[in-house]
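The residues making up each chain are set out below.
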Amino acid sequence: MKKPLSLTWDLESIYPGGSSSPELASFLKKLEGDVESLQQLVKNSLPPVHAEASAELDKVIELLQSCSGRLVQAYEFATCLGAQNQQDKEAVRVASKVMGLRARFEGISSQFNNVLRQTSDEVWAGWMERPEIAPLKFVLSERRNLAREKMSPELESLALELAVDGYHGWSEHYETIVGSIQIPFEDEEGSKLLSVGQAFNKLDDSDPNVRKAMFRKWEEAWGGAAEYCADTLNHLAGFRLKLYAGRGWEDVLKEPLSLNRMSHDTLNVMWDVINQSKPALVSYLKRKAKLLGVDSLSWVDVGAPLGESTEKIPYEQAAADIVNQFRKFSPKLAEFSEQAFDNNWIEVEDRPGKRPGGFCVSFPESKESRIFMTYSGTASSVSTLAHELGHAYHSYLLDDQPFFNQNYAMNVAETASTFAEVIVSDAQVKAAGSAEEKIALLETKIQNSVAFFMNIHARVLFETRFYEKRKEGLVNAEELSELMEEAQKEAFCGVLSEYHPHFWASKLHFYSTDVPFYNFPYTVGYMFSTGLYRLALQEGASFADKYDDLLRDTGVMTLEDLVSKHLNVDLTQPDFWQGAADLIVEDIIEFLSMTEHLA
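Residues numbered from 1 in each chain as written. Predicted model: local features only at pLDDT ≥ 70, side-chain atom pairs only at ≥ 80, totals over all residues. Heavy atoms only, no water.

## Quick notes on the pairing of strand S4 (residues 359–363)
By the criterion of burial, S4 is predominantly enclosed, with five of the five residues buried. Residues Phe359, Val361 and Phe363 line one face of S4 and the alternating positions Cys360 and Ser362 line the opposite face, and both faces are buried. The turn linking S4 back onto strand S5 (residues 368–372) is made up of four residues, and Lys367 within it adopts a positive phi angle of 55°. (Buried < 20%, exposed > 50% of the residue type's maximum accessible area, 1.4 Å probe, protein only. Helix = DSSP H or I, 4+ residues; strand = E, 2+ residues; numbered from the N terminus. Pairing = 2+ DSSP bridges.)

## Considerations on helix H1 (residues 22–43)
When the terminal C-alpha atoms of H1 are compared, their 32 Å separation across 22 residues agrees well with the 32 Å that a helix rising 1.5 Å per residue should span. Of the positions making up H1, those classed as buried are Leu24, Phe27, Leu28, Leu31, Asp34, Val35, Leu38 and Val42. On an axial view of H1, the arc spanned by its buried residues comes to 130°, and they lie on one face. Opposite its buried face, H1 presents the exposed residues Pro22, Lys29 and Lys43, each directed more than 90 degrees away. In the core, the buried residues of H1 are packed alongside helix H2 (58–84) and helix H3 (89–118). Between the side-chain oxygen at the start of H1 and the backbone nitrogen of Glu23 there is a gap of 3.2 Å, and the oxygen is on Ser21. (Expected span 1.5 Å × (residues − 1). Arc of directions from axis to C-beta. Contact = heavy atoms within 4.5 Å. Polar contact = N/O pair within 3.5 Å; in protein donor to acceptor, adjacent residues only side chain to side chain.)

## A word on the side chain of Ser506
Along the chain, Ser506 falls in helix H19 (residues 503–506). If we skip the residues at most four places from it in the chain, Ser506 touches Tyr174, Trp218, Trp222 and His500.

## Some points on a nonpolar patch on the surface
On the surface, Leu155, Leu158 and Leu162 cluster together into a nonpolar patch covering about 280 Å² of accessible area. Tracing the sequence through the fold places Leu158 in helix H6 (residues 153–165). (Patch = residues over 30% accessible without salt bridge, like charges linked within 9 Å, V, L, I, M, F, W, Y side chains within 5 Å. Areas by Shrake-Rupley, 256 points an atom, 1.4 Å probe, with all protein chains shown as cover. Salt bridge = Lys/Arg side-chain N within 4 Å of Asp/Glu carboxyl O.)

## Examining the packing of aromatic side chains
The full count for this structure, using the stated rule, is 34 aromatic pairs. Over the aromatic face of Tyr75 sits the side chain of Arg102, whose NZ or CZ is 4.2 Å from the ring centroid. A cation over a ring is seen here: Lys254 above Trp249, with NZ or CZ 5.4 Å from the ring centre. (Phe/Tyr/Trp six-rings, centres within 6.5 Å; stacked < 30°, edge-to-face > 60°. Lys NZ or Arg CZ within 6 Å of the ring centre and 35° of its normal.)

Have a look at this one:
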């Protein structure tokens, strides 16, 4: 890798000039014209009366894929602009324009899906056998089946148009709320106001006094914004529930399960295995409390670092370590990651004005990715960096696929990213130079288990209960905090001394309109990736190619079929999930053994 590495990403190579880019304006103008042409094509399209007649729709499908890919390109660019500078008002305008175009496109897609829905089964079977269309069979069939479960195309188009300033508008309003929050902080340099992203990093500080002081201010800040957040969350949920009612959907998880291409049975058996494994995590949390010298952990202590690895890790060292660990599993993954670092695809600078959190976006037209985070030098930051590189690698493997087939679900997206994390963290543990270092690294790994088994579970419990309550009417801020704290107590098995009542306000995931119930797929991805890693340990170097093949099929299969094909495993049975949980429990047992004399 080249040195020094840039702390900021390069967006100029995508569209020079950022939110005021003439190239971006030209791109959007051409896209708008093509969407209009597509609308006329779809308007004049009829269900084919025989398989040969379906060839007349090839141009429609081709333009649908082209417009869809370019809309993703434009939307992700607008996302990057807004994330790097929340005060960029022109970026807000660009995002609004793209959202309007996307809503129009989705209405057109809905009309085309109606053509698929109206095609007879006999003609459909012949249509899907045509060589030009056969690679798209899964996606087109999925669209056809979903169209049969929705409202009429006219009503679906109207709902999508109303969502721009309603549903999606409320989500954007939440971003405005977050951007307006400033949290006071004092250190040796004096008093300052931190953005939400900067303040969040202080919650993981190695100094308990810093953590606790920031947590009080964090809760206070979100408490001050709670009424605005409650309005936003209620209207988002209300829109979604009304839409579901119009479609005749009673189960609020129907859409997220469909989007994640998985069944209730698979999800339920996974949670059953997790709940049976929680006693080990409770033992870990109790041991951690003793190591920190407290009777029991508060919410802000759960992620507190232990051991010598709390020293700040320079960004360039983190990058080199990640690439080296990736290389031990897959030279291809390592080479790709080097390219991401060398080409300035990654934004890590700690500065005011950035939005909190981390993400990876991929640009289908440019065939590149960009990674966003605020690097803090902690082991957690290194894990986040590896995580996002896993996302980017997943997209890279699908670059040569038809665009429809690049649309993989969030749960398998989180599988690729979390697998990358596991590669790095497990290798670090095995290479630890001392018992103290190994304890610290093990603890970092176990923290992921706490996050996915307990923290995410609390989010799932809260969100499903909130939606049930929202069916009866508005849920005020105080009630939301009560629901949140109850869910946290249940998910953490009552082991904490203090919880985070305003977590519902501070967590972006509850306000996402791109992916409803933007929480449980993380745990699915974590458990799935851990199960894959267990198989990788058993099979050795040959597993890297099998892993790549599995990722390449993620856009054209259900989760159950994907795993059945590549691993010969039934995910509706507990065996695979139990194997993943056992690997996690092994880490906990080792940690407890190594720290017994310290407690």
